[in-house]
Each structure stands twice: as structure tokens, then as C-alpha cells.
Amino acid sequence: MKFSDDFIFGGATAAYQCEGSTLEYGKGKVSWDDFLAKQGRFKADPASDFYHQYGQDLKLCNMFGINGIRISISWARIFPEGTGRINQEGVDFYHRVFQECHKNHVEPFVTLHHFDTPDTLYQKGDFLNRDTIDAFVEFSKYCFEEYKNEVTYWFTFNEIWAVATNTYIEGTFPNGEKYNMTKAFQIMHNMMVAHALAVLEYKKAGYNGKIGVVQSLEYKYPFDENNLDDIQAAKNEDVLQNQFLLDATFKGYYSTETMEIVNRLVSINNGTLELLDEDFDVLKQAALLNDYMGMNYYQSRFIQHYEGENDIHHNGTGEKGTSRFCLKNVGRRMEKEGIPRTDWDWLIHPESMFDMLVRIRQQYPNYKAIYITENGMGYKDDFEDGIIDDEPRIDFIRRHLEFTLKAIEAGVNVKGYFVWSLMDMFSWTNGYNKRYGLFYVDYETQKRYPKASAYWYKRVSETKEV
Ligand code: BGP
């Protein structure tokens, strides 16, 4: 079986992780700038200097059969204070990038928010403050109109779950709060409302393009499939990460099963959620209008029943075996015999991506299409005289593409696949030793070197076969 001729073989990027020039050319501060400076471990400058190097990156796409690129627009490059004043230099930069995309026959898939809320809005509560929802809708409307001749494929948000968990449960995103389940659910809900409002604006204006949202999903299996407590624990984590957001995306309301678990988890934390009737009006309308969903898929989890205290340690260094994720009354993530892990303890389990795709088709039959908007392997690449032999990454991508084909065969409408990442770039909580790119970046010289995986991916894109 082969991929169809119009299948997108893409590469993914995100503004803050690749552009560099974080405070140049009129760009405003984002939530990350001070947070990273305070940590003092690494910064996002110059990263892979996409701000100046996009020409060579897009030429490489063209040469290596990469016919789609995920790009995010940095909100603070356009509205340095989040609202109001516009920075024309930022607006022009993205015009130049999109034109270069088309010159190289690379379709841009554009995300409006990839973790980089302007600092002014972040300081006022980020998306927990409903004013940020309005500001986001204004920013979205501006971009839809400004880039309407260059952008056909839009995504509102990247990985709403990652924002919630990393900001309020794991504490690895600014400002490092931990174990606050109520804020995690509330920000997911508010961001879904912002997504829905942006979709309604896009459709109301009648643009000739498509729009959706990127969710990060992980299949949650019970550690012991015969143990009822483990089955419940897996469901808890599934609702927390997957089902809450999938319900909001495709149904526009939360199912009874979802709300039972949400209410339990929120009440254990002595919290309450603000879910307004008017929110569900817009969510329900948008649920019918999404053209597709982006699915970022990296790994699955095996969850065991857990009643102990909260205990999370994020492996942000690549020291294998140092991760811990035990969430009181939710569950504990376990290793599983026979399932390999990366140095950052991410399980390599491509069959679970198939399970997730099939589940979406079954549980949410009104979904229209899915793009796998991120999938890839963080790896400590060896650079020897310009040669980077990243066989484990090739194997990782090959197996995930095989399961993508199987899912298509099983009737799931998957339209494209984007490797995370196109070139090496900054990793939010890991810095620079965790490389994902098809193209190696020498951060000193900003020179790009195709890895073995880039040559392999080119062949797949040309033959449509894995
Ligand atoms: C996703 C993000 C990306 C990217 C990727 C790899 O969650 O959308 O921005 O960073 O994961 O994650 P990491 O860099 O933490 O390894």
C-alpha cells in the first residue's frame, strides 16, 4: 500500500524554537524570555536563526521532497504588547517567509499560537484570564485577513494539553506551578473557547482556506489490563489529556463520562471550574466547522493505580531512567517490559498511534480529516565530518509511517505527516542536546547538514512507499 499523491510529507517548526531574534526587529517579550533567563540553563537565541535562514531551510525542503512545512506566527512579533499596536516589520517577515514557501512549492501550515503568549497577556493570567481569549481572536482575525492570499491551512493552537500540564501540573513551562488540576482544566477549556471563536470568525468571513486545532495525544493503557483499578487510572489520565479536549473539539460539549472524571479530579483539589453556557454555544458551532485536526503523537503511557503523594520529575537532560510521573488520585506512569524508550524516557510504541487514530474515527465519527502534525525522535546525534547517521530516527519514523498507512487502510482519513522537526532547534525544557531535525544545525555557524534520515525521507516522499 502507498500514500496518495496529495499526501503531505512535511517538516514541523515553531517560531520561538527556531527563529531566534527573540527581542529584535520590534518583537515584544513573550512568557518564556524572563523564565528562561531566570533558569539560566539555555535561551532561544539564536536557536536555528530561522529569521535569517528561512531561505536555505525552504530550499532544502524543496530539494528533499518536503512538500509541507508547519510554521507558527509569533503573536508578539505582530502585536508586541499582545493587542493594539502593530509591528510592521514582523508582519512583513511572515509575508517574506510565505512567499519563499510558495516559490519552493512547500505548502505552509500555519499555527497561530505555539506556546508563546505575549508577556503582557501572560502577566495578566494568560488564557485563565478571559481577556486573553478576546485578544487571541483579534490577533487571529488580523492574520486571516493579512495572509489570506498566502495561507490556506490554519491551526489555532498547538497542543493545548501541553500548555496545561507543563504550566500547571509538571511545572516545566512558565511559571513552573505544580499539581494544580483545576487551573489545568480551566486553561484547556478557555483555550478551546478561543479556538472555537477563531474558527467561527474564519468561517464567517468566508475565506478560501481551512482551519483546525493541533492536539497532543497519547494512548493510555492500563499497566495491568486485568486490574480494574489500573483500568480506571488509565481512564483518568485519558480524560485529563485526551478525552476532555477531543470532546470539546468534536462534540462541543463534555460527555457525561468525561465530566464525572473531571468533577472528581477538580473536587479532590478543592477547585471549581467556570464553564459558561455561552462557551458551549460557540464550541458546538465550531465542532461542526473544523476542517481537520492536527494530531501530535510521540508516545503512549502505561498507567497504574496510585494513591500516594504527587511526585513528578521531568527528565530534561537525557539521563535515561530519571522520569517520574505519579499523580495523586490519577495514576502512576510505568515502564513496560519490551517497549523501548529514548534517552528522555519517551516510549517508542508506534502501534499505539494506530490505536489512537482508529479510536478517533470510532468515537468521533464527525471528524473530517487528520494531519499528523508532529512525530519524531529526540536523539543525541553524532556529527562526524558532516555525516550524521541517525538510523534509530529513521527506524522511528518508518514504523510510525507504516502504522499511519495501516490506519488509512482501516478507514482513517489521514492527509499528511510532519516530522518533528524539520531542522534541529531549541527544545523548551531540554535545550539543545535533544535533536529532532532531518537537518543537523551547527549552532555556531548556522550551517545545515542533511542527516541520513533526510535522504531516507526524500525517497519515501518520492516513491510514496515506506
Ligand atoms: C511538542 C511541541 C514541540 C516540540 C516537541 C518535542 O510538544 O509541540 O514544540 O518541542 O513536542 O518536545 P521536546 O522538545 O520537549 O522534546
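Looking up the protein in an unreviewed UniProt entry gives the name 6-phospho-beta-galactosidase, with the organism given as Holdemanella porci. According to the UniProt record, the Sequence similarities (unreviewed entry) comment for the protein is "Belongs to the glycosyl hydrolase 1 family."

A.B. asks: Is there a simple way to think about the overall build of the protein in this case?
C.D. replies: Of the regular secondary structure elements, the protein holds 15 helices and 15 strands. Expected size for 466 residues packed as a compact globule is a radius of gyration near 23 Å; at 21 Å, the protein falls within 12% of this value. With respect to the principal axes defined by its C-alpha atoms, the protein has extents near 55 × 50 × 45 Å. The burial tally for the protein puts 52% of its 466 residues in the buried class. Considering only intrachain contacts with a sequence separation of at least 6, the fraction spanning at least 24 residues in the protein is 77%.

A.B. asks: Before we go on, may I ask you to explain the site of the ligand in this structure?
C.D. replies: The local shell around the ligand holds 15 residues, among which Ala 14, Glu 159, Ala 162, Gly 378 and Ser 427 are the closest. Of the residues assigned to the shell around the ligand, the class counts are 4 nonpolar, 8 polar and 3 charged.

A.B. asks: Please clarify how the packing of helix α8 (residues 160–168) against helix α9 (residues 181–204) should be interpreted in this entry.
C.D. replies: When two helices pack together, their arrangement is given by the angle between their axes and by how far apart the axes lie. Packing of α8 against α9 brings their axes to within 9 Å, and their N-to-C directions diverge by 150°. The angle between α8 and α9 places the two elements in the roughly antiparallel class. Between α8 and α9 lies a crossing whose hand is right-handed. Together, Ile 160, Trp 161, Val 163, Ala 164, Thr 165 and Tyr 168 of α8 and Lys 183, Ala 184, Ile 187, Met 188, Met 191 and Met 192 of α9 make up the contact between the two elements. Its residues assigned to classes, the contact of α8 with α9 comprises 10 nonpolar, 1 polar and 1 charged.

A.B. asks: When you look at the pairing of strand β10 (residues 324–327) in this model, what are you seeing that I'm missing?
C.D. replies: In summary, the side chains of a regular strand alternate between the two faces of the sheet. Residues of β10 alternate between two faces, with Phe 325 and Leu 327 buried on one and Arg 324 and Cys 326 left unburied on the opposite face. Where strand β9 (residues 311–313) and β10 come together, 3 bridges link them in antiparallel fashion. Of the residues in β10, the one forming a bridge with Asp 311 is Cys 326. In sequence, β10 turns back onto strand β11 (residues 331–334) through a hairpin of 3 residues, with Asn 329 there showing a positive phi of about 65°.

A.B. asks: Hey, could you run me through the nonpolar core in this one?
C.D. replies: With 140 residues, the main nonpolar core has Ile 160, Met 188, Met 191, Met 192, Phe 244, Leu 357 and Ile 370 as its most contacted residues. Examining the composition of this core, we find that 14 residues originate from one element, α9, more than from any other. Discounting residues that sit within four places of it in the chain, Met 191 has contacts with Phe 127, Phe 157, Ile 160 and Val 163.

A.B. asks: Where do I start with the environment of Phe 115 in this structure?
C.D. replies: Positionally, Phe 115 belongs in the loop between β3 (107–113) and α6 (119–123). With 85 residues separating them in the primary sequence, Phe 115 and Val 30 have C-alpha atoms 9.3 Å apart. Excluding anything up to four places from it in sequence, Phe 115 contacts Tyr 16, Asn 158, Val 163 and Trp 428.

A.B. asks: When you look at helix α2 (residues 31–39) in this model, what are you seeing that I'm missing?
C.D. replies: For an α-helix, 3.6 residues make a turn, and residues three or four places apart therefore share a direction. Among the residues of α2, those classed as buried are Ser 31, Trp 32, Asp 33 and Leu 36. Looking at the residues trailing α2, positive phi occurs at Gly 40, about 70°.

A.B. asks: What is the right way to read the sheet that holds β3 from this model?
C.D. replies: Backbone-to-backbone hydrogen bonds join strands into a sheet, with any given pair of strands oriented parallel or antiparallel. Strand order in the closed barrel formed by 8 strands is β1-β2-β3-β4-β5-β7-β12-β13, and the pairing between neighbours is parallel. In this sheet, neighbouring strand axes are inclined to one another by 25° on average, regardless of whether the strands run parallel or antiparallel. For strand β1 (residues 8–12) and strand β13 (residues 414–420), the ladder comprises 5 bridges, and the chain directions are parallel. Paired with Ile 8 across the strands is Gly 416, a residue of β13.

A.B. asks: Explanation requested: the UniProt feature "active site" (unreviewed entry) in the protein in the structure shown.
C.D. replies: Those places that UniProt annotates as "active site" (unreviewed entry) correspond, in this numbering, to Glu 374. Structurally, Glu 374 can be placed in strand β12 (residues 370–375). Apart from residues lying up to four places away in sequence, Glu 374 is in contact with Ala 12, Asn 296, Phe 418 and Trp 420.

A.B. asks: How should I be thinking about the packing of α9 against helix α10 (residues 228–250) in this particular structure?
C.D. replies: Viewed as axis vectors pointing N to C, α9 and α10 meet at an angle of 20°, and their least axial separation amounts to 10 Å. The angle between the axes of α9 and α10 places the two elements in the roughly parallel class. In this structure, α9 crosses over α10, and the sense of that crossing is right-handed. Along the contact surface, α9 presents Phe 185, Met 188 and Met 192, while α10 presents Phe 244, Leu 245 and Ala 248. Of the residues in the contact of α9 with α10, the class split is 6 nonpolar, no polar and no charged.

A.B. asks: Would you mind going over helix α3 (residues 50–63) with me for this structure?
C.D. replies: The principal kink in α3, of about 30°, is found at Gln 56. Among the residues making up α3, those that are buried are Phe 50, Tyr 51, Gln 53, Tyr 54, Asp 57, Leu 58, Leu 60 and Cys 61. The inward-facing, buried residues of α3 contact β1, α1 (15–18), β2 (68–72), α5 (88–103), β14 (439–442) and β15 (447–450). Looking one or two places after α3, you find Gly 65, whose phi comes out positive at around 70°.

About the criteria used
- Residues numbered from 1 in each chain as written.
- Predicted model: local features only at pLDDT ≥ 70, side-chain atom pairs only at ≥ 80, totals over all residues.
- UniProt positions renumbered as here; feature names shortened; annotations may be inferred.
- Helix = DSSP H or I, 4+ residues; strand = E, 2+ residues; numbered from the N terminus.
- Rg over C-alpha atoms; globule rule 2.2 N^0.38 Å.
- Buried ≥ 20, exposed ≤ 12 C-beta atoms within 10 Å, placed from the backbone.
- Contact = placed C-beta atoms within 7 Å.
- Near = placed C-beta within 6 Å.
- Nonpolar A, V, L, I, M, F, W, Y, C, P; charged D, E, K, R; others polar.
- Axes fitted to C-alpha atoms, helices over the stretch in contact; angles between N-to-C directions.
- Parallel < 35°, antiparallel > 145°, perpendicular 65-115°, else oblique.
- Left-handed = near helix turned anticlockwise from the far one by under 90°.
- Pairing = 2+ DSSP bridges.
- Core = buried A, V, L, I, M, F, W, Y, C linked by C-beta atoms within 7 Å.
- Bend = angle between axes of the 7 residues up to and from the residue.

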